[in-house]
Amino acid sequence: METARSLDFDDWSKDTSENQKNLNEIPPQLKTQDLEVVNGCRRKLQPFNFFSFTWFLNVIHDKFRKGKINFESTLELLTKFDIPFDYVHVKHIFKASDSLKSGTITIEDFRGIYRTIAHRCEIHDLFKTHSPNHKLLPLSNLVQFLKNEQFQPEVDERVAAQLIAKFEPIEEAKRSSQMTFEGFLRFMTSEECVVFKSQHKTVYQDMTRPLCEYFISSSHNTYLISDQLIGPSHLWGYASALMKGCRCLEIDCWDGPNNDPVVYHGHTLTSKISFKTVIQVISKYAFLVSDYPLILSLENHCSPKQQEVMADYLTNILGDMLVISAIDDIMPTELPSPESLKFKIMIKNKKIGTLEETLARKGVDSHGQTGEFEEEETSDEEPDDNPSHPKQPLLKKRRARWKGSAPPRKKQKMKKIKIALALSELVIYTKSRKFVSFEDSKEKQFFYENNSIGELKARKLAKLSANEFVQHTVRFLTRIYPKGTRANSSNYNPQEFWNVGCQIVALNFQTAGLQMDLQTGKFLDNGGSGYLLKPEYLRNRDTQFTPHAIPANSQSVLLTIKLISGHQLPPSSLSRSNKADPLVLVEIYGVPEDHAKQQSCVVRGNALSPRWNETFTFNIQVPELALVRFVVEDQLSLTSNDFLGQYTLPLLSMNKGYRQVPLFSKLGVNLRPASLFVHIWYFNQ
């Protein structure tokens, strides 16, 4: 006769159909006693094996009273186990388990599905490494795991006990302050073990510095939800950007019928929306995600008469949220901080005169008054936010290219600009000023004036005069916007302009892709507030920093990423089942010297649980500006891959240790439970 042996839950769930038959024959009154089935024989269970056994049965027994369950009941049971699952993967495994094609499965089939979805061998191996008996993880061992493997030196037994109470599903283990594999699995796949630092999910940076010392999440042509030529303008563009943490919106304003301004992309076939409704939507959504100040960048093409209407809408709809004077009505000497402007909205536009003159006129009705000044027109390649700039229609530009000829270059000339004083008076800390040169700005520009520079000119300046550019952005808010020929609303790489300290790097939020992945990933930091304190070398007026020549004594970081496995990845677009041929790219974005990319091998035919166990190492010279991007692709052929998911985050927001990397679709939708399992380690060199 076979010698009795201890049987843990893993062994129990491997029972054969014969075991299941014998188990079903156990009278109901005996199923609550301490018995196990070994090769068809009922034996005495060890205490915690029995607890696992009864815990599993207690969860599922109601569903299996009639012997079998269908697919919908299977999904309900998996939900009761509090294990995230992907519908497509479960559906495929269910069909494979339903050998009779009856649309139902047995209790044994369900155990197989549960194990396939939940019991990840790489996490089980980790559990056994730290569990003395491979069955239970005592409180003291959990503390050591958190300290040594997860790099949480501050953890004590009180914290570990809280984790057991939160994640351990088996009450008997919980009462003895121990964690079973079921609890460990739930802990390792929870938010507690994601790669992004929990401390960075809230505002933790100093928010009392002047506005120019922060990167600010910024949108270009916010009203568009498609291309720049014939696509629709929509209020959702504003609501969506604000819900993504954007803190600088663009409003393209034109004269509308019945003295009512409209918003659309001028000289195109894009549709029009009311300026009034735009401000109403902004008022509603402005501070749902972030408490910190919102900038409305007006590209103002309206007549003075309709500019006054705009001013009235801004004042009446936004009310106390609108900044209409300096703090305490005192002329400042520097820009205020995000903290001092919480729940406030600023208007960025051209302005008549100085801020001192505006403060002196406070309380005086300015309706009916108009100011005028001259400004050099901007070339077609670099349109400015000039309120009277006669842009060549984009459709005509595009037709010129179709005919094989370049658009004619206009000679620069002076243009008179008229601004309603009522609108001008609403511009306090964000007066738009045409950029001439770094030297001109240093000599003549006020601290409350900002510049808008097109991407082509900005790229040239960043390449040829990087340190001057950095010194300029130390002093003044600087906005970068896409070139006018991006008719399909494509984006430039924002990293090259963050590298020189540009605060307002405006992107087309409606266009998914690498550029928006970088934008979204960067501004995950600091609680998703839309404001990130720039590194000290991008704030110091005496800085000699340039992204093209990193000093030899810089504090570099050595980053090591062990790519262990994937879990429930999206299936291939070409697959009729749940399969894919996944590979992983790990990309670094930052200063030019830090740009890097490494690729894993391809795992054939496995999107459910691919294993890589590959290690990537990166030497990063400027860690404060570095972003890490994980990309999962499906290899369709030797020359073609299909995007499956990605996740981007700042290097310094990465947790060390064993971590889950969530994955997002091209459109930014969370693909949970799709994830990567990695081990992260980095240190200063």
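Residue numbers run consecutively from 1 along every chain, following the written order of its sequence. Thresholds applied to this predicted model are a pLDDT of at least 70 for local features of residues and 80 or more for the giving and counting of side-chain atom pairs; totals over whole chains, interfaces and linings are not thresholded and use all residues. With hydrogens and water stripped out, all remaining heavy atoms of the structure feed into the side-chain values.

**Quick word on the overall build of the chain**
Worth spelling out the cut-off: Here a helix means four or more residues in a row that DSSP labels H or I, a strand means two or more in a row labelled E, and each is numbered from the N terminus. Calculation of accessible area relied on Shrake-Rupley with a 1.4 Å probe; when residues are assessed, cover is drawn exclusively from the protein chains displayed.
Counting secondary structure elements, the chain contains 23 helices and 27 strands. Entry remark: accessible area of the chain is about 29,100 Å², with carbon and sulfur atoms responsible for 51%.

**Digging into the side chain of Ser-219**
Applied cut-off: Relative accessibility decides the category of a residue: with a 1.4 Å probe and only protein chains considered, values under 20% of the type maximum give buried, values over 50% give exposed, and everything between is partly exposed. We call two N or O atoms a polar contact when they sit within 3.5 Å, provided that within protein one can donate a hydrogen and the other can accept it, with sequence-adjacent residues counted only if both atoms are side-chain atoms. By definition in these notes, contact holds between two residues if any of their heavy atoms fall within 4.5 Å.
Structurally, Ser-219 is set in strand 7 (residues 214–219). Classification of Ser-219 by relative accessible area gives buried; the value is 1%. Within the structure, the side chain of Ser-219 is placed 2.9 Å from the side chain of Thr-222, a separation counted as a polar contact. Ignoring anything within four residues of it in the chain, the contact list for Ser-219 reads Cys-246, Cys-248, Leu-249, Glu-250, Ala-506, Leu-507 and Phe-509.

**Focus: the pattern of salt bridges**
Side chains carrying opposite charge are able to pair once their charged atoms draw close together. Quick reminder of the rule: Here, a salt bridge means any side-chain nitrogen of Lys or Arg that lies within 4 Å of a carboxyl oxygen of Asp or Glu.
Evaluated as defined, the whole model comprises 26 salt bridges. Residue Glu-455 is joined to Arg-459 by a salt bridge in which the shortest nitrogen-to-oxygen separation is 3.0 Å. One end of the pair, Glu-455, and the other, Arg-459, are both in helix 20 (residues 455–464), four residues apart, so they sit about a helical turn from each other. Residue classification places Glu-455 among the buried residues on the basis of a relative accessible area of 0%. Residue Glu-587 is joined to Lys-597 by a salt bridge in which the shortest nitrogen-to-oxygen separation is 3.8 Å. Note that Glu-587 is positioned in strand 21 (residues 582–589) and Lys-597 in strand 22 (residues 596–599), a separation of 10 residues in sequence. Using a relative accessible area of 55% as the deciding quantity, one classes Lys-597 as exposed.

**Overview of helix 10 (residues 157–167)**
The line we're drawing: The arc in question is traced by the directions running from the helix axis to the C-beta atoms.
Within helix 10 the residues assigned to the buried category are Ala-160, Leu-163, Ile-164 and Phe-167. The buried residues of helix 10 occupy an angular sector of 100° when the element is viewed end-on, so they sit on one face. With respect to the buried face of helix 10, the exposed residues turned more than 90 degrees away are Arg-158 and Lys-166. At its buried positions, helix 10 is contacted by helix 9 (139–148), helix 11 (171–175), strand 6 (178–180) and helix 12 (181–188). If you check the start of helix 10, you find a side-chain oxygen 3.1 Å away from the backbone N of Arg-158, and it comes from Asp-156.

**Here we look at the side chain of Thr-543**
Here Thr-543 is to be found in the loop between strand 19 (531–533) and strand 20 (557–567). Side-chain polar atoms of Thr-543 contact the backbone nitrogen of Phe-545, separated by 3.1 Å.

**With respect to a nonpolar patch on the surface**
Put simply, the test is: Think of a patch as exposed residues, more than 30% relative accessible area, with no salt bridge, where like charges cluster within 9 Å and nonpolar side chains (Val, Leu, Ile, Met, Phe, Trp, Tyr) cluster within 5 Å.
On the surface, Phe-151, Trp-681 and Phe-683 cluster together into a nonpolar patch covering about 240 Å² of accessible area. Take Trp-681: it is sitting in strand 27 (residues 670–684). For Trp-681, a relative accessible area of 31% translates into the label partly exposed.

**Quick look at the nonpolar core**
Just so we agree on the cut-off: For this analysis, a nonpolar core means a set of buried residues of the types Ala, Val, Leu, Ile, Met, Phe, Trp, Tyr and Cys, connected via side-chain atoms within 4.5 Å.
Within the largest apolar cluster, 69 residues are counted, with the highest numbers of intra-cluster contacts made by Tyr-238, Ile-251, Ile-282, Leu-296, Leu-314 and Phe-469. With residues up to four places along the chain from it excluded, the contact list for Phe-469 reads Phe-438, Ile-453, Ala-458, Leu-461, Ala-462, Thr-478, Ile-480, Val-500 and Cys-502.

**Details of the packing of helix 8 (residues 121–130) against helix 12**
For any two helices packed against each other, the geometry is given by the interaxial angle and the distance between the axes. We apply this condition: A fitted line through C-alpha atoms serves as each axis, taken over the contacting stretch for helices, and the angle formed by two N-to-C directions is quoted from 0 to 180°. In this scheme, roughly parallel covers angles under 35 degrees and roughly antiparallel covers those over 145, while 65 to 115 is roughly perpendicular and the rest are oblique. Less than a right angle of anticlockwise turn of the near helix away from the far helix marks a crossing as left-handed, whereas a clockwise turn marks it as right-handed.
Axis separation between helix 8 and helix 12 bottoms out at 10 Å; the angle between their running directions is 120°. By the angle between their axes, helix 8 is oblique relative to helix 12. As for how helix 8 packs across helix 12, the hand of that crossing is right-handed. Residues Ile-123, His-124, Leu-126 and Phe-127 of helix 8 pack against Phe-181, Phe-184, Leu-185 and Met-188 of helix 12.

**Section: the pairing of strand 20**
Keep this limit in mind: Should DSSP find at least two bridges between two strands, the strands are taken to pair.
Within strand 20, 10 of the 11 residues are buried, which leaves it mostly tucked inside the rest of the structure. Of the strand pairs in this sheet, strand 20 and strand 23 (residues 611–620) are connected by eight bridges, and their pairing is antiparallel. Note that in strand 23 the partner of Ile-561 across the bridge is Phe-616.

**Remarks on the pairing of strand 25 (residues 640–650)**
Buried residues dominate strand 25, accounting for nine of its 11 residues. Note: strand 24 (residues 627–637) against strand 25, 10 bridges, orientation antiparallel. By the bridge assignment, Val-628 is partnered in strand 25 with Leu-649. Counting the residues between successive antiparallel strands, the hairpin from strand 24 to strand 25 contains two residues.

**As for the packing of aromatic side chains**
Two aromatic rings are characterised by how far apart their centres lie and by the angle between their planes. Our working definition: Note on ring pairs: Phe, Tyr and Trp rings are taken, using the six-membered ring of Trp, and paired if centres are within 6.5 Å. Classes follow the plane angle, with under 30 degrees stacked, over 60 edge-to-face and the rest tilted. Any Lys NZ or Arg CZ found within 6 Å of a ring centre and within 35 degrees of that ring's normal is scored as a charge over the ring.
Taken as a whole and judged by the stated rule, the model has 30 aromatic pairs. Centroid distance Phe-438 to Phe-469: 5.2 Å. Interplanar angle 45°. Geometry classified as tilted. Here Phe-438, found in helix 19 (residues 438–444), pairs with Phe-469, found in helix 21 (residues 466–475); they are 31 residues apart in sequence, far enough to count as distant. Taking relative accessible area as the criterion, Phe-438 reaches 10% and is therefore assigned buried. By relative accessible area, which is 0% here, Phe-469 ends up buried. The ring of Phe-71 has Lys-91 sitting right over it, with the charged end atom 4.4 Å from the ring centre. Just above the ring of Phe-215 sits the side chain of Lys-522; from NZ or CZ to the centre is 4.5 Å.

**Some points on helix 6 (residues 87–97)**
For helix 6, the set of buried residues is His-89, Val-90, Ile-93, Phe-94 and Ser-97. When helix 6 is viewed along its axis, its buried side chains cluster within an angular range of 130° and face the same direction. In this structure, the buried residues of helix 6 make contact with strand 3 (69–70), helix 5 (71–80), strand 4 (104–105) and helix 7 (107–118).

**A few points about unusual backbone geometry**
Each neighbour pair has its own omega, and for Arg-672 with Pro-673 the value is 15°, a cis peptide bond. Structurally, Pro-673 is set in strand 27. With a phi angle near 55°, Lys-101 is a residue other than glycine that sits in the positive phi range. Relative to the helices and strands, Lys-101 resides in the loop between helix 6 and strand 4.

**Some remarks on the confidence of the model for the chain**
What counts here: Per residue, pLDDT captures the predictor's confidence, and it can take any value from 0 to 100.
Put simply, the chain has an average pLDDT of 88, and 87% of its residues get 70 or more. Every residue in residues 379–392 scores below 50 in pLDDT, and together they form 50 contacts with partners more than four places removed in sequence or on other chains. The low-confidence segment residues 394–406 (pLDDT under 50) makes 16 contacts with residues lying over four places distant or belonging to another chain.

**Quick word on the environment of Asn-70**
Within the fold, Asn-70 resides in strand 3. It is 4.3 Å that separates the C-alpha atoms of Asn-70 and Thr-104, two residues lying 34 residues apart in sequence. What Asn-70 contacts, discounting residues up to four positions off in sequence, is Phe-94, Gly-103 and Thr-104. Side-chain polar atoms of Asn-70 contact the backbone nitrogen of Glu-72, separated by 3.3 Å.

**Topic: the packing of helix 14 (residues 275–285) against helix 15 (residues 304–318)**
Interaxial distance between helix 14 and helix 15 falls to 10 Å at its minimum, and their mutual angle equals 25°. By the angle between their axes, helix 14 is roughly parallel relative to helix 15. Helix 15 is crossed by helix 14, and the crossing has right-handed handedness. In this structure, helix 14 contributes Phe-275, Lys-276, Ile-279, Gln-280 and Ser-283 to the contact, and helix 15 contributes Met-310, Tyr-313, Leu-314, Ile-317 and Leu-318.

**Examining the environment of Gly-183**
Assignment of secondary structure puts Gly-183 in helix 12. Overall, Gly-183 belongs to the buried group, its relative accessible area being 0%. Residues Gly-183 and Ala-173, spaced 10 residues apart in sequence, show a C-alpha to C-alpha distance of 9.2 Å. The residues touching Gly-183, leaving out its near neighbours within four places in the chain, are Phe-167, Glu-168 and Pro-169.

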